[in-house]
Amino acid sequence: MNPRLTKRIFDDFPDLFPGNLMFGIECGDGWFEIIYDAIKKIDQISKEHECNITISQIKEKFGTLRIYQSGPDEAEKFVDEAEYLSGKTCELCGDKAVTTNHEGWVRTYCEAHEGGHEEPSNEMISKLLLSVRK
Ligand SMILES: [Zn+2]
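Keep in mind that this is a model prediction, so the values were computed, not measured.

**Q** Explain the nonpolar core to me, please; I cannot follow it from the model alone.
**A** Most often, soluble globular proteins keep nonpolar side chains buried together rather than apart. In this structure, Phe32, Ile35, Ala38, Ile39, Leu65, Ile67 and Ala82 are the most contacted members of the largest nonpolar core, which totals 23 residues. Secondary-structure elements contributing two or more residues to this core are helix 1 (3-12), helix 2 (32-49), strand 1 (55-61), strand 2 (64-69) and helix 3 (73-86). Of all the elements, helix 2 adds the most residues to this core, at seven residues. What Phe32 contacts, discounting residues up to four positions off in sequence, is Met1, Leu5 and Leu128.

Shown next, in the form of structure tokens:
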């Protein structure tokens, strides 16, 4: 994920990422809003239950999003929700998409991105940063 988007998540929810993440957020920018929304809800659970949840890893695996967190089932519910949403959202641009398997290479890309990777534009990054609110 783009460093600007990653920084925004770490800056807005510092309690969940006490040491940040060693490998950053290991997926495309198209899932930024899904991640932000899930993290926001997990942060609320952490504060309500005073259970000091931490997140150890966020990454793409088999075409969908995985968030590894230390919290209770109420928090894990939002992890499952994010995984479900990522399965129909392009990992690169956030458009509607389906998970496909090309000879073992499982990815969730829209039609435009099916062929491969594309660097995100500054415009897209700025739009994403404005789209979320803590
Ligand atoms: Zn796309």
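**Q** I would appreciate a short explanation of the packing of helix 1 against helix 4 (residues 122-131) in the present structure.
**A** To characterise two packed helices, one gives the angle between the axes of the helices and the distance between these axes. Running from N to C, helix 1 and helix 4 cross one another at 15°; their axes reach a closest spacing of 10 Å. Overall, the two elements helix 1 and helix 4 adopt an arrangement that is roughly parallel. In the packing of helix 1 onto helix 4, the handedness of the crossing is right-handed. Where helix 1 abuts helix 4, its residues Arg4, Leu5 and Arg8 lie against Ile125, Leu128 and Leu129.

**Q** Can you help me understand the pairing of strand 2 in this one?
**A** Consecutive residues of a regular strand have side chains that alternate between opposite faces of the sheet. Of the strand pairs in this sheet, strand 1 and strand 2 are connected by six bridges, and their pairing is antiparallel. If you follow Ile58 over to strand 2, its bridge partner there is Ile67. Hairpin remark: strand 1 followed by strand 2, antiparallel, with two residues in the connecting loop; positive phi at Phe62, about 50°.

**Q** Would you take a moment to explain helix 2 for this structure?
**A** Because an α-helix completes one turn every 3.6 residues, residues spaced three or four positions apart along the sequence face the same direction. Between its first and last C-alpha, helix 2 extends 26 Å over 18 residues, near the 26 Å set by a 1.5 Å rise per residue. What helix 2 keeps buried is the set Phe32, Ile34, Ile35, Tyr36, Ala38, Ile39, Ile42, Asp43 and Ser46. Looking one or two residues past helix 2, Glu50 carries a phi angle of roughly 45°, positive in sign.

**Q** Is there a simple way to think about the environment of Lys61 in this case?
**A** Tracing the backbone through its elements, the reader meets Lys61 in strand 1. Linking Lys61 and Arg107, residues 46 residues apart in sequence, is a C-alpha distance of 8.6 Å.

**Q** In this structure, what is going on with unusual backbone geometry? I would like to understand it.
**A** Most peptide bonds are trans, and most residues other than glycine sit at a negative phi. Phi at Asn52 is positive, roughly 45°, even though this residue is not glycine. Along the polypeptide, Asn52 turns up in the loop between helix 2 and strand 1. Look at Phe62: it is not a glycine, yet its phi comes out positive at around 50°. Tracing the chain through its elements places Phe62 in the loop between strand 1 and strand 2. A count of 12 C-beta atoms within 10 Å places Phe62 in the exposed class.

**Q** Quick question: what am I supposed to make of the environment of Ile45 here?
**A** Within the secondary structure, Ile45 sits in helix 2. Classification of Ile45 by C-beta neighbours within 10 Å gives partly exposed; the count is 19. Residues Ile45 and Ala75, spaced 30 residues apart in sequence, show a C-alpha to C-alpha distance of 6.4 Å. Other than its neighbours up to four places away in sequence, Ile45 contacts Ile53, Gly71, Glu74 and Ala75.

Cut-offs and rules
- Residues numbered from 1 in each chain as written.
- Predicted model: local features only at pLDDT ≥ 70, side-chain atom pairs only at ≥ 80, totals over all residues.
- Core = buried A, V, L, I, M, F, W, Y, C linked by C-beta atoms within 7 Å.
- Buried ≥ 20, exposed ≤ 12 C-beta atoms within 10 Å, placed from the backbone.
- Helix = DSSP H or I, 4+ residues; strand = E, 2+ residues; numbered from the N terminus.
- Contact = placed C-beta atoms within 7 Å.
- Axes fitted to C-alpha atoms, helices over the stretch in contact; angles between N-to-C directions.
- Parallel < 35°, antiparallel > 145°, perpendicular 65-115°, else oblique.
- Left-handed = near helix turned anticlockwise from the far one by under 90°.
- Pairing = 2+ DSSP bridges.
- Expected span 1.5 Å × (residues − 1).

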